[in-house]
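# Structural features, examined
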Amino acid sequence: MSRERTRFVQTTVEVEGRTETRVVEVPAFEPAPWTADTPLSIVGTSPLRVDAFEKVTGRARYTADIVRPGMLYAVIVRAPRAKGTLTAIDLETARSLPGVRAVMGIGDAPAGTRLFKREVSYAGQPLAAVCAESLDTAERAARVIAASLVIEAAPHAVTVDDAIAPDAPQVRKAGNTTEPDIVQRGDVARGLAEAEVTITREYRTQVALHSALETHGAVCEWNDDQLTVWESTQGIFRVRSDVAKALGLPQAKVRVIKDYMGGGFGAKNGAGAHTYTAALFARTLGAPVRCVNDRRAEQTDSGNRPATVQKVTIAARKDGTLTALVLDARIPLGISGWEGGPAQIFHEMYACPNVRTSETCVYINASGMQAFRGPGYVEGAFALEGAMNALARALQMDPVVLRLKNLATRDERADREFSGNRLDECYAEGMRRFSWHSPVSRLPSPVSRLKRGYGVAAQTWPTGGGPPSYAHVRINSDGSVDVLAGTQDLGTGSRTILAQIAAEALGARFDTVRAVIGDTERLPYTGNSWGSMTTPSVGPAVRMAAEDAKMQLLEAAAQMMGLPLVVLSTRDSHIVSTDGASLSFGDLCRQLGNIQIVGRGSRGPNPELAVVTVGAQFAEVEVDAETGVVRVVRVVAVHDAGRIINPALAESQLHGGIIQGIGYALFEERHIDRARGVTLNANLHDYMIPTMADIPAIDASFLDGADPAANHVGARGIAEPPIIPTAPAIAAAVADALGVEVCALPLTPWRVLGALAE
Amino acid sequence: MLITINGSPRQVDPSRSPTLLAALRDQLGLTGPKLGCDHGECGACTVRLDGDLVYACLTLTAACENAQVQTVEGLAEGNTLAPLQQAFITHDAAQCGYCTPGQLLAAAALLERNPHPTDAEIRTAMSGNLCRCGTYPKIINAIRAVSDAGTAAP
C-alpha cells in the first residue's frame with residue numbers, strides 16, 4: 001500500500017436509478033481488492049445480528065420511545081380536502097384549552113419549512129399544529145382546530161385521466177404535466193420493421209404505501225442555540241442539512257441522532273413536517289417536543305410509490321431476438337416528487353439495439369411520492385417482464401430461453417462493461433431449485449376450479465454505491481475496536497456487517513469490534529441509506545480505515561517486538577510474526593497507553609463500469625377461477641450481488657423484498673376518493689400488507705462469489721433488487737394458470753375475474 | 001389503581017392514560033409495547049392480559065384493575081433470555097425490531113396453548129402481528145425451533 005497525496009476527481013454515482021456526476025476525493029491509498037479467492041474468515045459468515053438482544057428484550061429505543069425531561073407533544077392539523085383556499089381557521093379556542101402550550105398556523109413557520117400554507121393542494125397537507133403537555137390534549141386541541149377549518153373548495157384532479165383532461169383543473173401553476181423525457185438508442189422504426197412478432201400492451205400499476213410499522217417522527221430539544229433532533233431516518237446528515245437550511249441555522253448547531261428505527265423503505269430520507277413542527281415549538285417553548293405521525297397521517301402524507309400507466313411495444317424475430325422495445329409511460333407523482341420512473345430498466349435489462357422510452361410525469365392533487373424500494377424499476381419490471389412473458393407465449397418459447405437469448409452482456413444504456421453480471425447463472429440455479437419445466441412442454445392443468453401456474457421474471461438494479469463516505473476505526477487502550485461511521489441501520493443489519501468488515505481487515509476477533517453509527521455530531525459523514533448503497537459505499541471506507549489502523553498497530557508492534565515490519569501480520573486480535581512470536585492487541589495497546597490509534601478511511605471513486613445486482617425469481621401460484629383469489633404457493637429467488645458479507649442477514653433482505661413484492665402483486669393499493677380527493681384506506685386494515693398467513697414457501701439465495709471490480713470489498717447492494725421481479729413473476733404465473741393476462745396491479749379477485757370474463 | 005405488571009404490582013392512574021398501551025409506555029416507562037396504528041390493526045402493542053393476548057392500544061386501562069399484564073420486558077429473567085427470545089436471535093427473526101415485542105408475546109401465547117403447532121397453525125395464530133420488513137419465514141423458524149426443542153416454558 002503506497003500512500004500518495006489526495007486529489008479530487010469526477011466519478012459517477014447511481015442513486016435510486018439516477019446517475020449523478022460528483023467530484024470526489026481519491027483516498028490516500030486503497031487496499032487491494034478482496035477477490036473471490038481471498039481467504040476471509042469473518043466476512044462471508046453469519047455472526048448473529050449485534051443488536052438482536054436489544055430488539056428481543058424491548059430495550060431498543062426508537063424515536064417515539066425517547067422521553068426527555070419536561071417533554072411536550074405536538075400534533076399537526078391536516079387539510080380534509082384536496083384543493084381550495086383556507087378562508088377561516090380558529091386557533092384561539094385551541095390555544096385556550098388547559099394543557100395547550102402553543103399553536104401555529106398560516107405564516108407562523110419560516111418559509112423554508114413550507115409549512116402551513118393558505119392554498120390547499122392535497123388532502124393531508126399540514127395547515128396548523130398544536131403543542132400540549134400530553135398527547136391526548138394535543139390531539140383534542142387538533143380536533144378543535146380541524147372543526148374550525150373553512151376551505152373554499154376548488155376543483156381537483158387525483159387521477160392521471162382527470163389531470164390530463166382538456167378541461168382539467170390546474171394542479172400546479174407551471175402545468176399539470178412535465179415535458180416528456182425521451183431516451184432512445186438505435187432506430188426503433190427500423191427495429192419494428194424488422195420484427196416478425198410484435199406485442200403491444202398497456203400496463204397499469206397502483207399507488208403503494210411504504211407502511212413502515214414505525215411512523216415518521218422526531219423529538220427536538222434546544223440547548224441555547226444548539227438543536228438536537230432524534231429522528232427515525234435513513235439519512236441523519238440529510239436531516240441535518242434540511243433542518244439547518246429550513247431554520248437558517250449553521251449545520252454545526254444541529255445534531256441529528258438515530259439509534260433504532262422501525263423501517264424506512266425509502267420514505268424516511270429527510271426532515272419532514274413533523275421535524276420542523278417539533279423544532280419550532282421546542283424553540284418557542286424552551287422545552288423538548290415530540291411530534292410523531294399517527295397512522296392516518298403516515299398513510300396519507302409520508303410518501304408513496306406512484307402509479308404508472310405504461311404502453312409497451314416489444315418486437316422480435318421468430319427466434320426470439322429482440323428488435324425493438326418501446327415504452328410510453330405516464331406517472332402521476334402527486335403534488336411533487338422526482339422522476340424515479342419505469343423507463344430505465346427498459347434500457348438496461350436486455351440486449352436490444354433499438355429502444356425508445358418516453359416518460360411524462362403528471363401532477364395530481366395528492367401527497368407527493370417518495371422513493372419506495374426499487375423506485376421505477378419495480379413499476380417498469382411489471383410492464384417489461386409482462387411483455388417479455390407475453391412475447392414468449394406468442395413465440396411458443398420457454399420464457400427463460402427467451403431471456404437467455406436476449407441477455408445483456410454489457411450495459412447498453414451507458415455503453416460500458418459490467419463489473420460483473422451472472423444473471424445467466426441465476427436463471428440456471430433458479431431453474432434447478434424450482435424444477436422449472438418449460439410451459440411449452442408442460443402438460444395442461446387438470447380441469448378444476450383451482451388452476452396452477454408457473455412464472456418467471458428477472459431484475460437489474462444499480463448497486464455500486466459510491467463516495468463520499470468516511471469511516472474511522474479506533475483501537476481502544478485494551479485492544480477493543482470502535483468502528484465510527486455516520487450511517488444508519490434501518491433493520492438491514494449494517495451495524496453487524498460493518499463490524500464484520502472491520503474485524504476482517506484488522507485481523508480482530510468479531511466480538512471485540514463494535515460499530516457506532518447514527519450521530520451527526522460524533523461520526524464522520526456517510527450518505528443516506530438508500531439505493532442499496534450502504535454496503536458498497538460505507539463498507540470500503542470501513543475496510544480502508546481498518547487497514548490504516550492495522551498498519552499503525554503493526555508499526556508500533558514492530559518497535560515493541562524488535563522485529564521488522566515485513567514479518568508481522570494480524571490474526572484473531574494478535575500481532576503474529578512469521579517466526580511464531582505473538583502479541584495480543586490488548587497487550588500491545590496497554591503498552592502504548594493513551595496513545596490512540598485511529599485509522600481513517602474513505603470510499604474511492606467508482607470504476608468506469610456498470611455495477612448492478614441482478615437476479616431471477618420463479619413463482620408458483622394457485623388461482624381459484626371461480627373466486628379470482630390468487631394464492632402464491634412458492635417463490636424461488638436467485639440473485640447475484642457479488643460478495644455477501646453476512647448470508648443470514650442477506651437472506652432476510654431477500655425475504656423482505658419478496659414479501660413486499662407479494663403485497664404489491666396481490667393486494668396493496670391506495671384508494672383515493674375521486675370526488676373528495678381523500679385517501680379512503682389510510683390505515684393498516686384497509687390498506688393490506690402481507691401477514692404471516694399470506695406468505696408462501698420462499699427459497700431465496702445468492703450466488704457465491706465476489707465482485708472485486710466494483711470496489712475492494714467486492715460487495716454490491718442487495719436491499720432493493722429482490723422486490724423488483726416478484727410481482728411480474730406472480731403475474732406470469734397467473735397468466736400461465738388462466739391462459740389470460742392480467743395487466744393491472746394488484747391482482748385482486750375482481751381484476752382476475754374481470755380478465756377471465758373478457 | 002393497581003395492575004400487576006410483569007409480576008410486580010404497580011400504581012397506575014387510568015384518568016391520565018385511557019389505554020393500557022399509554023399507561024405502560026407513559027406512566028411505567030415500558031416502551032417494549034409499540035404504537036403502530038392505535039387501532040388494533042398491526043399488533044405492535046401486543047401484550048398478555050391474564051394470559052390472553054390483547055392489543056394494548058384497544059384495551060382500557062380502567063378495565064385492568066388487579067389484572068396480570070405481561071410485556072416483552074417480562075419475558076427474560078434479568079439478562080437470561082427466554083428460549084423464544086434466544087431463538088429469535090439465533091434465527092435472525094428481527095429485522096428493524098419494531099414488531100418483535102408483539103411477535104414474541106403472540107408466539108409465547110401460541111406455544112403455551114399449543115406446544116407443537118403445525119406450520120398452518122403458526123401462520124394463523126401469528127397473522128394478527130404485522131411485520132413490514134418481511135421477517136415472517138424466520139419468525140416461523142424460531143417458533144418451530146422452540147417447539148421442536150420441547151422446552152417447557154416458551
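Residues numbered from 1 in each chain as written. Chains lettered and ligands numbered in written order. Predicted model: local features only at pLDDT ≥ 70, side-chain atom pairs only at ≥ 80, totals over all residues. Heavy atoms only, no water.

## Re the packing of helix H14 (residues 534-561) of chain A against helix H15 (residues 585-592) of chain A
Residue and element names in this part refer to chain A. Here is the rule: Axes, fitted as lines to C-alpha atoms, cover a helix only where it is in contact. Angles between the N-to-C directions of the axes lie from 0 to 180 degrees. Going along the chain from the N terminus, every DSSP run of H or I of four or more residues is numbered as a helix, and every run of E of two or more is numbered as a strand. With respect to orientation, any angle under 35 degrees is reported as roughly parallel, any angle over 145 as roughly antiparallel, any angle of 65 to 115 as roughly perpendicular, and every other angle as oblique. Throughout, a contact is declared for two residues whenever any of their heavy atoms are within 4.5 Å. The classification used treats Ala, Val, Leu, Ile, Met, Phe, Trp, Tyr, Cys and Pro as nonpolar, Asp, Glu, Lys and Arg as charged, and all other residues, Gly among them, as polar.
Following both chains from N to C, one finds H14 and H15 inclined at 75 degrees, their axes separated by 11 Å at the closest point. When the axes of H14 and H15 are compared, the pair comes out roughly perpendicular. Where H14 abuts H15, its residues Leu-553, Ala-556, Ala-557 and Met-560 lie against Phe-585, Leu-588, Cys-589, Gln-591 and Leu-592. Considering only residue class, the contact of H14 with H15 consists of eight nonpolar, one polar and no charged.

## Digging into the domain arrangement of chain A
All names here are of chain A. Rules: Note that domain bounds follow an automatic or database assignment of domains. Only one rule defines a salt bridge in this text: a Lys or Arg side-chain nitrogen within 4 Å of an Asp or Glu carboxyl oxygen.
Per the domain assignment, the segments making up chain A are domain 1 (8-59 + 465-602), domain 2 (63-155 + 216-292) and domain 3 (308-464 + 608-757). Relative to domain 3, the C-alpha centre of domain 1 lies at a distance of 35 Å. Contacts between domain 1 and domain 3 engage 39 residues on the former and 35 residues on the latter. Taken together, the connections running from domain 1 to domain 3 amount to zero salt bridges.

## Observations concerning the domain arrangement of chain B
All names here are of chain B. Cut-off, in case you're wondering: Using a 1.4 Å probe, buried area is obtained as the accessible area two parts lose upon being combined, added over both of them.
Each assigned domain of chain B is listed with its residue range as follows: domain 1 (2-74) and domain 2 (83-149). One C-alpha centre belongs to domain 1, the other to domain 2; they are set 21 Å apart. With 16 residues of domain 1 in contact, the opposing surface of domain 2 contributes 13 residues. Here domain 1 packs against domain 2, burying approximately 1,100 Å² in sum over the two surfaces, 59% of which is carbon and sulfur. In terms of surface lost to domain 2, no three residues of domain 1 exceed Arg-48, Leu-53 and Val-72, which account for 41% of the buried area on that side.

## Let's talk about the environment of Gly714(A)
Residues and elements named next belong to chain A. Let me state the cut-off plainly: Only protein chains enter the calculation, and the probe is 1.4 Å; a residue is then buried if its accessible area is under 20% of its type maximum, exposed if over 50%, and partly exposed in between.
Note that Gly-714 resides in the loop between strand S29 (697-702) and helix H17 (726-738). Take Gly-714: its relative accessible area is 0%, and that puts it in the buried class. Taking C-alpha positions, Gly-714 is 30 Å from Gly-586, a pair spaced 128 residues apart along the chain.

## Brief notes about the packing of aromatic side chains
What counts, and what does not: Between 30 and 60 degrees the pair is tilted, below 30 it is stacked and above 60 it is edge-to-face, where a pair is any two Phe, Tyr or Trp rings, Trp via its six-membered ring, whose centres lie within 6.5 Å.
Per the stated rule, a full pass over the model turns up nine aromatic pairs over all chains. Measuring from ring centre to ring centre gives 5.1 Å for Tyr62(A) and Tyr98(B), while their planes differ by 85 degrees; the resulting arrangement is edge-to-face. On the criterion of chain membership, the pair formed by Tyr62(A) in the loop between helix H1 (52-57) and strand S3 (72-78) and Tyr98(B) in the loop between helix H2 (83-90) and helix H3 (100-113) is interchain, its members lying in two chains. Take Tyr62(A): its relative accessible area is 2%, and that puts it in the buried class. Their ring planes at 85 degrees and their centres at 4.7 Å tell us that Tyr377(A) and Trp461(A) sit as a pair that is edge-to-face. In this pair, Tyr377(A) is assigned in helix H10 (residues 377-395) and Trp461(A) in strand S19 (residues 450-462), connecting sequence segments 84 residues apart.

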